[in-house]
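One letter stands for each residue in the lines below.
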There are 2 protein chains.
Amino acid sequence: MSEPLDPLAEILSSIRGSGRRVTEAKRRLAEVLVATTGHRTADELTTAVQVLSPEVSTSTVYRLLDEFEELGVVVHSHLGHAAAVYHLTGTVHGHLVCQRCEATVEIPAAHFDALSRELVTTYGFMLDRHHVAISGTCARCRESVAVTEHA
Amino acid sequence: MSEPLDPLAEILSSIRGSGRRVTEAKRRLAEVLVATTGHRTADELTTAVQVLSPEVSTSTVYRLLDEFEELGVVVHSHLGHAAAVYHLTGTVHGHLVCQRCEATVEIPAAHFDALSRELVTTYGFMLDRHHVAISGTCARCRESVAVTEHA
DNA sequence: TTAGATGCAAAGACTTTGCGCACTT
DNA sequence: AAGTGCGCAAAGTCTTTGCATCTAA
């Protein structure tokens, strides 16, 4: 049975499978990605990689993230005004991004099923479940707004 | 509430109402926004404003867009990897952004009603209908992919 | 008059690219 | 051995900021 293999091994083999080389930097980045929960900016990933291999440069991380994205290993989203965030493709989910406190919450992609069907039917548009990012106001901030207004 | 006044006059009066000054640059930007359909980047808006008043600078346009956004006159979204796009608040809608061809389609915010209810109920998260941007693949690109694969 | 608004230019944040050496295969 | 991949540094976008000047009120 092809159980969910070691995700790290999967990444490396999809690199090899594409005819590219497996290098120190790629291995490190893959390790960091596998060990990571949630979203990380290219800069955060670089810092994490450099803990393991200090000589790896930012530009390499950007190049590798592009490569990994072509291979379908990672996806990135632009959640706010700031840097793009990356995460492994495995975790299919959407993002709720609070405009006030910038907190982001990951939610199951299932929430988008109905919308997805609607958009395909109406516009022929196939929503990408990896990339959904919804802006709004989170529960906590809504409370504080309410409190403020009542005060 | 009164009739939908001249939108330009509304913008200017909300500037005055906030205690700020109405200037040449603000008037021009407001004119351009009102005359504009769809989304424009800060750069496009600057170019358009400069047709009317060549001395208005990019930095001013950025500052004014911030100010207009605070006043609730415009909103901006980050549709893709590129520059943010701005449009008047009046037109409440969502965006479908194609990842292959970068085309963006505006759709009625009503599509998000169900999702919106679901997110409030489940997460206490209030979706901002002005900011919704959904990534995916548009009808045309889906066709060309299909053709390619069959060839 | 006078504090806010602007133009200009420089700085900043994030990302991409050119080049020659190193390392994977 | 051969050519991909890498580090470094510079360049490129998009956006923000400092400051002296100008102007709306």
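Since the model is a prediction, treat every value here as computed from it, not as a measurement.

A.B. asks: I'd like a rundown of the sheet that holds strand S3 (residues 85-88) of chain A, residues and numbers included.
C.D. replies: All names here are of chain A. Pairing in this open sheet of three strands is antiparallel, and the strands run S1-S3-S2 from one edge to the other. Edge positions in the open sheet fall to strand S1 (40-41) and strand S2 (74-77), since each of these has one partner strand only. Strand direction decides the pairing type here: S1 and S3, joined by two bridges, are antiparallel. Within S3, the residue paired with Thr41 across the bridge is Val85.

A.B. asks: Tell me about the environment of A:Leu45, residues and numbers included.
C.D. replies: Residue and element names in this part refer to chain A. Within the secondary structure layout, Leu45 lies in helix H3 (residues 42-52). In the structure, Leu45 is positioned 32 residues away from Ser77 in sequence and 15 Å away in space, judged by C-alpha atoms. Setting aside its immediate chain neighbours within four residues, Leu45 contacts Leu29, Val32, Leu33, Arg40, Val61, Leu65 and Tyr86.

A.B. asks: How would you summarise the protein's contact with DNA strand C if you had to cite specific residues and measurements?
C.D. replies: Near DNA strand C there are 19 residues, and of these A:Val22, A:Ser59, A:Tyr62, B:Thr23 and B:Thr60 occur at the shortest range. Per the 4 Å cut-off to the protein, sugar and phosphate atoms form 65% of the nearby atoms of DNA strand C. With respect to DNA strand C, the backbone of A:Ala84 contributes an N or O atom lying 3.1 Å from a phosphate oxygen. Within the side chain of B:Lys26, an N or O atom sits 3.3 Å from a phosphate oxygen of DNA strand C. Here the surface near DNA strand C gets four residues from one element, more than from any other, and that element is helix H4 (residues 58-70) of chain B. Counted by class, the surface near DNA strand C contains seven nonpolar, five polar and seven charged residues.

A.B. asks: Tell me about the protein's contact with DNA strand D, residues and numbers included.
C.D. replies: Every one of the 19 residues lining DNA strand D counts as a neighbour, but A:Arg21, A:Thr23, A:Val56, A:Thr60 and B:Tyr62 are closest to it. Of everything in DNA strand D that lies within 4 Å of the protein, sugar and phosphate atoms constitute 61%. With respect to DNA strand D, the side chain of A:Arg63 contributes an N or O atom lying 3.0 Å from a base oxygen. Side-chain polar atom of B:Arg21 to a base nitrogen of DNA strand D: 3.3 Å apart, as the coordinates give it. If you list the elements that add at least two residues to the surface near DNA strand D, you get helix H2 (24-35) and helix H4 (58-70) of chain A together with H4 of chain B. A total of four residues in the surface near DNA strand D trace back to one element, the largest contributor, which is H4(A). Grouping the constituent residues of the surface near DNA strand D by class yields seven nonpolar, five polar and seven charged.

A.B. asks: Now, about the interface of chain A and chain B: what can you tell me, with residues and values included?
C.D. replies: Taken residue by residue, the interface counts 33 residues in chain A and 33 residues in chain B. Taken together, the two surfaces of chain A and chain B that pack against each other cover about 2,800 Å², and 61% of this comes from carbon and sulfur. It is A:His111, A:Tyr123 and A:Phe125 that lose the most area in chain A upon contact with chain B, and together they represent 23% of the buried surface on that side. For the pair chain A and chain B, the interface holds zero salt bridges. Taken together, the connections running from chain A to chain B amount to ten residue pairs in polar contact (both at pLDDT 80 or more). Only strand S4 (93-98), strand S5 (104-108), helix H5 (113-123), strand S6 (126-127), strand S7 (133-137) and helix H6 (139-150) of chain A provide two or more residues apiece to the side of chain A that touches chain B. A class-by-class count of the residues in the side of chain A that touches chain B yields 18 nonpolar, twelve polar and three charged. As paired elements, S6(A) and strand S7 (residues 133-137) of chain B share two bridges and run antiparallel to each other. Looking across to S7(B), one finds that A:Leu127 is bridged to B:Gly136.

A.B. asks: Give me helix H1 (residues 7-17) of chain A: which residues, what numbers.
C.D. replies: Residues and elements named next belong to chain A. Looking at H1, one finds that the buried residues are Ile11, Leu12 and Ile15. Each buried residue of H1 sits inside an arc of 95° when the element is viewed along its axis, so together they form one side. Residues of H1 that are exposed and angled more than 90 degrees away from the buried face: Arg16 and Gly17. Residues of H1 that are buried in the fold lie against H2, H4 and S3.

A.B. asks: Give a detailed account of the environment of A:Ala42, specifying residues and quantitative values.
C.D. replies: Residue and element names in this part refer to chain A. Looking at where Ala42 falls in the secondary structure, it is placed in helix H3. With 16 residues separating them in the primary sequence, Ala42 and Thr58 have C-alpha atoms 7.7 Å apart. Non-local contacts of Ala42, meaning those with residues more than four positions away in its chain, are made with Val61, Tyr62, Leu65, Ala84 and Tyr86.

A.B. asks: A description of the domain arrangement of chain A should follow, citing residues and the corresponding values.
C.D. replies: Residues and elements named next belong to chain A. Along its sequence, chain A is carved into domain 1 (1-90) and domain 2 (91-151). With eleven residues of domain 1 at the interface, the matching set in domain 2 holds ten residues. Across the interface of domain 1 and domain 2, roughly 860 Å² is buried in total on both sides, 52% from carbon and sulfur atoms. Area buried by domain 1 at its contact with domain 2 is led by His39, Leu79 and His87, which between them contribute 48% of it. Linking domain 1 to domain 2 there are two residue pairs in polar contact (both at pLDDT 80 or more). With three residues, the top contributor of residues to the side of domain 1 that touches domain 2 is S2. Tallied by class, the residues present in the side of domain 1 that touches domain 2 amount to three nonpolar, seven polar and one charged.

Calculation notes
Residues numbered from 1 in each chain as written. Chains lettered and ligands numbered in written order. Predicted model: local features only at pLDDT ≥ 70, side-chain atom pairs only at ≥ 80, totals over all residues. Heavy atoms only, no water. Pairing = 2+ DSSP bridges. Helix = DSSP H or I, 4+ residues; strand = E, 2+ residues; numbered from the N terminus. Contact = heavy atoms within 4.5 Å. Near = heavy atom within 4 Å. Polar contact = N/O pair within 3.5 Å; in protein donor to acceptor, adjacent residues only side chain to side chain. Nonpolar A, V, L, I, M, F, W, Y, C, P; charged D, E, K, R; others polar. Buried area = accessible area lost by both parts, 1.4 Å probe. Salt bridge = Lys/Arg side-chain N within 4 Å of Asp/Glu carboxyl O. Buried < 20%, exposed > 50% of the residue type's maximum accessible area, 1.4 Å probe, protein only. Arc of directions from axis to C-beta. Domains from an automatic or database assignment.

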